[in-house]
Amino acid sequence: MSQQTPHRSEGLQLKLLGGFQVTIGTRVVQDADWRLRKAKAIVKLLALAPGRQVHREQLIEMLWPDLDASAGLNNLHKTLYAARRALAPESPVSGRFLRFENDVLELAHAEEISIDTEAFESAAAKARKTGDINAYRQAIAIYSGDLLPEDRYEDWAQSRREELRTLYHTLLMELAALYEAAGEITNAIESLSRVVASDPAEEAAQARLMRLYVLSGHRHHALRQYQRLRDVLQREMGVEPQLVTQQVYQEILDGDVQLPVAEESPSIPVSHTLKPRQFAQGSLVGREAEIELVEEALEGLFAGEGNALFLGGESGVGKSRLALEIADRAAHRGGISLLGAAYEGESQLPYGPFIEALEDFAYRASPETMRALLAQPHGEIFRLLPGQWHARHPGFQKIAPQTADRQVIFTAAVTFLQHLGSWNPVVLVQDDLHAADEACIQLLHYLARSSAQPPLLIVGTFRAEEAGVGTPLSEFLALARRHRILSRVDVGRLSRQESDYLVVKTLGASYVDSVAFNAIYDIAEGNPFYTEETVRAFQEEGRLRQVDGRWQLEDTSGTLPGILREVVAVRMGRLQSTTQNVLRLAAVIGRDVPYDVLKSASRVPEDELLADLDEALDRQVMEESEQGYRFVHPVHRSVLYQGLSRPRLQSLHGQVAEGLEALYESRASEHAEVLAHHHAMGSTPWRAIPYILSAARHAASVFANEQALRLYQQGVDLINAHPAHSDATALPCFLEEMADVMRRTGQAETSLPLYEEALERSLAADDLQAAGRIRGKAALNAMTAGKLDQASDLLHKAMETVGETYPAEVVVASTYYQLAQLHWHSARHNEALEAAEKALELAHSAGDEKAQAHAYEVMALACHSLGDWQKGIEYELNRSEMGVSGFDTDQAFDAHL
């Protein structure tokens, strides 16, 4: 071991990064100690120079370029004396740290000197050699800022400054890559953010940061990052971001940024190929009893026992938060949690909450997982997903079947969940079921009866006050409880003690004045959401403040209104006017607000839109979602929506409708339900009519009959209200198809007046083909209802109208077929056989196999009734040989038995 030098404890430490500082032992050299500014410059130059030494001519040239050699040398000696005196005031001529020999000035006694730039470069070299994360962190920690920022305009410092800054950025970029590879996305974001903070125009870092924001679930931050980069480049260089950066931005808009997933093999469960998701958010207070039930349900689930758990209670009481806690706990145990919800005030698609759960799964599953699932028979369930999902996955659409039979859908749903359950237990959360459509409730009933098989835990939430007697949900709950296929939990309000504890957690402090506790509880009365919103409102007003470490309610002269809606309205009023405008538009779109829809409808520059959304996020009115944004609570949306005047409401709905049409262009029919809703609520409601028809037909095709009838009636009402804006054939079309749905659900007598009105409208429009078709349907309904005279009158009028020479042979064949049924039903079997034979002749001429099969069926019935069993069997076999799938027994058999 070498002998320690006498002055080691008084070593010289030079700090150049982030600002110049000299320390000798424990003494910091003050600015006044230098006396001459260039005395400091000499020490800086030596610290940066190779070998820590500089020739006197170089020093004079850099520090006094305008002086001659003699004057420069004289200044050098004076400045050197000042520097030595600052470093060693007790012996300024000794040259302990500054030695001047042979015209060369150098920092002496290397073992006593440490310089942070040298330490940084040494640590950086070690980190890059070892690839160790901790080594990178230690090296980066040394870089406390750019080199000598106070000398930013000195030529002798600029190149070295850029060199060190580049090394610093390189370390941060490499550390971010190491973090990302280790799955530590948050740390990777922090590293890249430091690069961007140092150099906002660093595109490579910006592009990687945007991608990482999306992968961490912060899509909004990614969009904002791109806008900041674009602003910097335009302001400083007058250019746009590079093409590769623009492509990353477009991928974010399109939702195509994917998380890296592990390579799949048959032994890897599907949950390992899902993007991670944190389901539960916010405080969970005072739910010990409910959590105990939850844990029992989860233990049963992971032991192979399915169940259904339904959480009921008032708005804001914490049902959804508890449901998300179940999903979160299941996911942390390795289960598969799927989340869907119904939304109030929005036009519901059939099976809406279940479809959203499917979308949630499909969004987080890898393409390989989706292909494996869609290759199975249960892949049919994914045909329920909206058209835009299939557009992004064209290969998947070809796998989906075309049938819309309800039983097929139900069976596919159970089989799909069973398939997932064979890998991991499944939790299906269906939130706010009081707003769900009838088809979804029936599907949940079917799943609940089958929940023991996957195994599956169904978690439903609903508002008790909106699940009254007679609603589909109340009937389901009563029936399911009677059959013991679900457990119901009534989620109540918090106790006073629990409410106070929630206040403490919301404020993030231990000491709250009793006056504040009392005032908050008087308003919220133990409702968790109301409690949190009241606390935030008091804070934003400045009435609830910290004084000497204790939160106090300073102004007790007035209280917030007892209705939370008014509390939220006050909060909304404090937002900037532009932010309020964006939120009003978002409220018209719905509870969930896809960013591309909001952007298309907003008509403002994207950077301004994102700035307004920044405030909405900061104030916790909105939160980010996978597709864009979401109101933190339905009350937020309700306050904004109901506060709109009628003209403003119509204008915004029209604005959203036009934005959707511009966004989807030729694919607008895939979004018929939402387009119909917004146009109908707008100032030109007749524009909703074609979309309503498309949506009604879709609902009817999946046997969501009540939904279809509601839509058809809405279309009829709009046409009657705006006759000048609709085609003459539109009303009979709506009436006919509405009657078809009613007839299919056994409402023959009720549908008959609709057919009669549709017939009258078709004749008025001179649409004889439609009139013939509608007469036939009306006649069949009349026969089914036992009104044979009315049926006979309708069919004879049909024959008079179309005649045998009418070019639409299929329509004529159908009329003869229905006439044959009438004769058979009236026991005129010979006439029935004659009419059926005529129907067969015309159907054969038209090449319509289904119509031929119908004719054979009635011919067989007539022969059986006449006692000619052999001929009847022959006709029945002929009918069977037609191979017509989906034979309509309602028309050819049920009406006569």
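Above this text is the structure in question.
These lines cover the structure that appears in this document, whether it is placed above or below. (Residues numbered from 1 in each chain as written. Predicted model: local features only at pLDDT ≥ 70, side-chain atom pairs only at ≥ 80, totals over all residues. Heavy atoms only, no water.)

## Section: the side chain of Ser751
Reasoning step 1: Note on placement: Ser751 falls in helix 34 (residues 748–764).
Reasoning step 2: The class for Ser751 is buried, based on a relative accessible area of 0%.
Reasoning step 3: In this structure, Ser751 is in contact with Ala739, Met742, Arg743 and Asn781, ignoring residues within four places of it in sequence. (Helix = DSSP H or I, 4+ residues; strand = E, 2+ residues; numbered from the N terminus. Buried < 20%, exposed > 50% of the residue type's maximum accessible area, 1.4 Å probe, protein only. Contact = heavy atoms within 4.5 Å.)

## Let's talk about the nonpolar core
Reasoning step 1: One finds Trp34, Ile381, Phe382, Leu447 and Met622 to be the most contacted residues of the largest nonpolar core, which totals 210 residues.
Reasoning step 2: With 11 residues, the single largest contributor to this core is helix 7 (residues 155–181).
Reasoning step 3: Grouped together as the second largest cluster of nonpolar side chains are 22 residues, Ala832, Ala836, Leu842 and Tyr856 included. (Core = buried A, V, L, I, M, F, W, Y, C linked by side-chain atoms within 4.5 Å.)

## Things to note about the sheet that holds strand 6 (residues 104–107)
Reasoning step 1: What the three strands build is an open sheet, ordered 4-6-5; its pairing is antiparallel. Both edges of this open sheet fall to strand 4 (53–55) and strand 5 (98–101), since each of them pairs with a single strand only. Across the sheet, the mean angle separating the axes of adjacent strands is 20 degrees when strand polarity is ignored.
Reasoning step 2: Where strand 4 lies against strand 6, three bridges are found, and the strand directions are antiparallel. For Gln53, the partnering residue across the bridge sits in strand 6 and is Glu106.
Reasoning step 3: The sheet contacts of helix 2 (residues 37–48) involve strand 4, strand 5 and strand 6, and relative to strand 6 the element is tilted by about 80 degrees.
Reasoning step 4: Against the sheet, helix 4 (residues 69–87) makes contact with strand 5 and strand 6, and its axis sits at roughly 150 degrees relative to strand 5, the strand it touches most. (Pairing = 2+ DSSP bridges. Axes fitted to C-alpha atoms, helices over the stretch in contact; angles between N-to-C directions.)

## A closer look at the sheet that holds strand 12 (residues 487–490)
Reasoning step 1: Strand order in the open sheet formed by five strands is 9-10-11-8-12, with parallel pairing between adjacent strands. Since the sheet does not close on itself, it has two edges, and those belong to strand 9 (336–341) and strand 12, each with one partner. With direction set aside, neighbouring strand axes in the sheet form an average angle of 15 degrees.
Reasoning step 2: The sheet contact formed by strand 10 (residues 426–431) and strand 11 (residues 456–463) spans five bridges and is parallel. Within the sheet, the bridge partner assigned to Val427 lies in strand 11 and is Leu457.
Reasoning step 3: The strands touched by helix 14 (residues 352–364) are strand 9 and strand 10; relative to strand 9, the strand with the most contacts, the crossing angle is about 135 degrees.

Geometric descriptors of this kind do not, in isolation, establish any biological role.
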